[in-house]
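A look at the structure
The residues making up each chain are set out below.
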Amino acid sequence: MSKSELTIAMPKGRIFEEAYALLQKAGFQLPDDLEDSRKLIVEVPNEKIRFILAKPMDVPVYVEHGVADIGIAGKDVLLEQKRSVHELLDLKISQCYIATAGLPNTMLNDIAPRVATKYPKIASDFYKEKGEQVEIIGLNGSIELAPMIGLADRIVDIVSTGRTLTENGLVEYEHIVDVTSRLIVNPVSYRLKSERIRDMVRRLKESME
Ligand code: PRP
């Protein structure tokens with residue numbers, strides 16, 4: 001029987017490059033010249049693989065709906081969204097963490113504490129756990145602006161190198177959770193294409209050792 005086509009949802013940007021290199025290292029014959037492409041669907045006929053390039057936050061949506069069989073998603077996105085997908089493998093790439101940060105030597109406002117974030121669920125779970133009532137302000141990016149211009153006392157955001165915080169005069173307060181990229185799968189695809197998917201997981205694991 002010929003092998004079935006596999007659709008993989010990949011995040012655009014820096015995670016894509018790391019994940020793509022990992023697949024190449026695992027022995028998948030993928031073209032080297034994708035960097036400058038603006039294509040959103042990339043076919044690799046010799047491997048029967050099709051990549052769809054999505055915003056990182058949207059990868060689990062494609063996988064949950066089954067239009068992608070598997071996907072590569074950050075643990076941050078998976079914690080935030082709680083989608084019906086299985087997590088198969090920690091790829092240990094794009095390591096970073098989620099933390100609270102703010103202006104130095106400041107406390108949460110006593111009367112109306114505000115926290116800006118693009119992770120409203122992770123942030124509200126964190127402050128609930130601490131027993132602190134805060135108003136969550138949802139933003140889509142450049143979260144570090146919020147404390148600098150008085151929109152919020154704290155942010156909950158990704159820290160990778162820490163440069164964005166430092167260059168904007170902010171400091172970290174609490175470490176919330178470590179983040180790496182994960183291989184996720186649609187449960188139905190996992191049953192129907194189990195051989196192909198297990199083979200990919202096995203090869204990725206071997207190449208990571
Ligand atoms: C992420 C994150 C921080 C920054 C952290 O933003 O939200 O702003 O990277 O990286 P660093 O610790 O290495 O400085 P991203 O680049 O995804 O853009 P965004 O502001 O649009 O979220």
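Residues numbered from 1 in each chain as written. Predicted model: local features only at pLDDT ≥ 70, side-chain atom pairs only at ≥ 80, totals over all residues. Heavy atoms only, no water.

Where we set the bar: UniProt positions are given in the numbering used here, feature names are shortened, and annotations may be inferred rather than shown by experiment.
The protein carries the name ATP phosphoribosyltransferase in an unreviewed UniProt entry, which gives Paenisporosarcina antarctica as its organism. Of the comments in the UniProt record for the protein, the one headed Function (unreviewed entry) reads "Catalyzes the condensation of ATP and 5-phosphoribose 1-diphosphate to form N'-(5'-phosphoribosyl)-ATP (PR-ATP). Has a crucial role in the pathway because the rate of histidine biosynthesis seems to be controlled primarily by regulation of HisG enzymatic activity."

1. Here we look at the overall build of the protein
What counts is decided by this rule: Helix numbers and strand numbers start at the N terminus; a helix is a DSSP run of H or I with at least 4 residues, a strand a run of E with at least 2. Summary of the burial criterion: residues with accessible area below 20% of their type's maximum are buried, those above 50% are exposed, and those between are partly exposed, where the area comes from a 1.4 Å probe applied to protein chains only. Note on contacts: a residue pair qualifies if any of its non-hydrogen atoms lie within 4.5 Å across the two residues. Method for areas: the Shrake-Rupley scheme with a 1.4 Å probe, in which residue coverage is limited to the protein chains shown. Counting rule applied: Lys, Arg positive; Asp, Glu negative; His and chain ends not counted. The atom standing in for a charge is NZ when the residue is Lys, CZ when it is Arg, CG when it is Asp and CD when it is Glu.
On a plain count of helices and strands, the protein comes out with eight helices and 11 strands. Evaluated residue by residue, the protein yields a buried proportion of 43% over its 209 residues. Considering only contacts within the protein whose residues lie at least 6 apart along the sequence, 71% involve residues at least 24 apart. Only carbon and sulfur atoms are counted for the fraction: they give 50% of the accessible area of the protein, which is about 11600 Å². Each charge sign in the protein was given a centre, from 28 positive and 32 negative side chains, and these centres are 5 Å apart.

2. Regarding the pattern of salt bridges
Quick reminder of the rule: Salt-bridge detection follows one rule: a side-chain nitrogen of Lys or Arg within 4 Å of a carboxyl oxygen of Asp or Glu.
Within the structure shown, the criterion is met by 13 salt bridges. K130 is the partner of E132 in a salt bridge, and the nearest nitrogen-oxygen pair spans 3.1 Å. Using a relative accessible area of 29% as the deciding quantity, one classes E132 as partly exposed. With a relative accessible area of 37%, K130 lands in the partly exposed category. Ionic pairing is found between D199 and R202, a salt bridge with its closest N-O pair at 2.6 Å. Of this pair, D199 and R202 are both found in helix α8 (residues 194-208), three residues apart, which corresponds to roughly one turn of the helix. Through salt bridges with shared partners, a single ionic network connects K75, E87, D90 and R182.

3. Considerations on the sheet that holds strand β10 (residues 171-179)
Applied cut-off: Pairs of strands are assigned from DSSP output, requiring at least two bridges between the strands. Axes here refer to lines fitted to C-alpha atoms; in helices the fit is confined to the stretch in contact. Angles between the N-to-C directions go from 0 to 180 degrees.
An order of β8-β7-β9-β6-β10 is seen for the five strands of this open sheet, with the pairing classed as mixed. With partners counted over all chains shown, the strands left at the sheet margins are β8 (135-138) and β10, one partner each. Along the sheet, successive strands turn relative to each other by an average axial angle of 25°, direction set aside. Bridging between strand β7 (residues 114-117) and β8 involves four bridges; their strand directions are parallel.

4. A short note on the domain arrangement of the protein
This is how it is decided: Start and end points for every domain follow an automatic or database-based domain assignment. Each of two parts loses accessible area, computed with a 1.4 Å probe, when they are put together; buried area is these two losses added. Any pair of nitrogen or oxygen atoms within 3.5 Å is treated as a polar contact; in protein, a donor-acceptor pairing is required on top of that, and neighbouring residues in sequence qualify only through side-chain atoms on both sides.
Parsing the protein into structural domains produces domain 1 (6-94 + 180-208) and domain 2 (96-177). Relative placement of domain 1 and domain 2: their C-alpha centres are 30 Å apart. Counting from both sides, the interface comprises six residues of domain 1 and, opposite them, nine residues of domain 2. Summed over both sides, the interface between domain 1 and domain 2 buries roughly 690 Å², with carbon and sulfur atoms accounting for 60% of that surface. Three residues, D76, L79 and E80, lead the burial of domain 1 against domain 2; their summed loss comes to 66% of the area buried on that side. There are four residue pairs in polar contact (both at pLDDT 80 or more) connecting domain 1 and domain 2.

5. Let's talk about the site of the ligand
To be explicit about the condition: Residues are classed as near a molecule or strand on a simple rule: at least one heavy atom within 4 Å of it.
Taken together, 13 residues are adjacent to the ligand, and K118, D157, T161, G162 and T164 come closest. Contacts to the ligand include G162, whose backbone N or O atom sits 2.7 Å from an oxygen atom. Protein chains bury 71% of the 490 Å² of accessible surface belonging to the ligand in isolation. When residues of the shell around the ligand are traced back to their parent elements, those giving at least two are β9 (154-159) and α6 (163-167). It is β9 that contributes the most residues to the shell around the ligand, three residues altogether.

6. Digging into the nonpolar core
This is how the line gets drawn: Each nonpolar core is a collection of buried residues, namely Ala, Val, Leu, Ile, Met, Phe, Trp, Tyr and Cys, held together in the definition by side-chain atoms within 4.5 Å.
M10, F51, M200 and L204 are the most contacted members of the largest nonpolar core, which has 29 residues in total. A per-element tally of this core places helix α1 (residues 14-25) first, with six residues. For L204, the contacting residues outside a window of four places in its chain are L22, L23, A26, L89, L91 and L183.

7. Brief notes about the environment of E167
Of note, E167 is situated in helix α6. Side-chain polar atoms of E167 contact the side chain of R163, separated by 2.7 Å.

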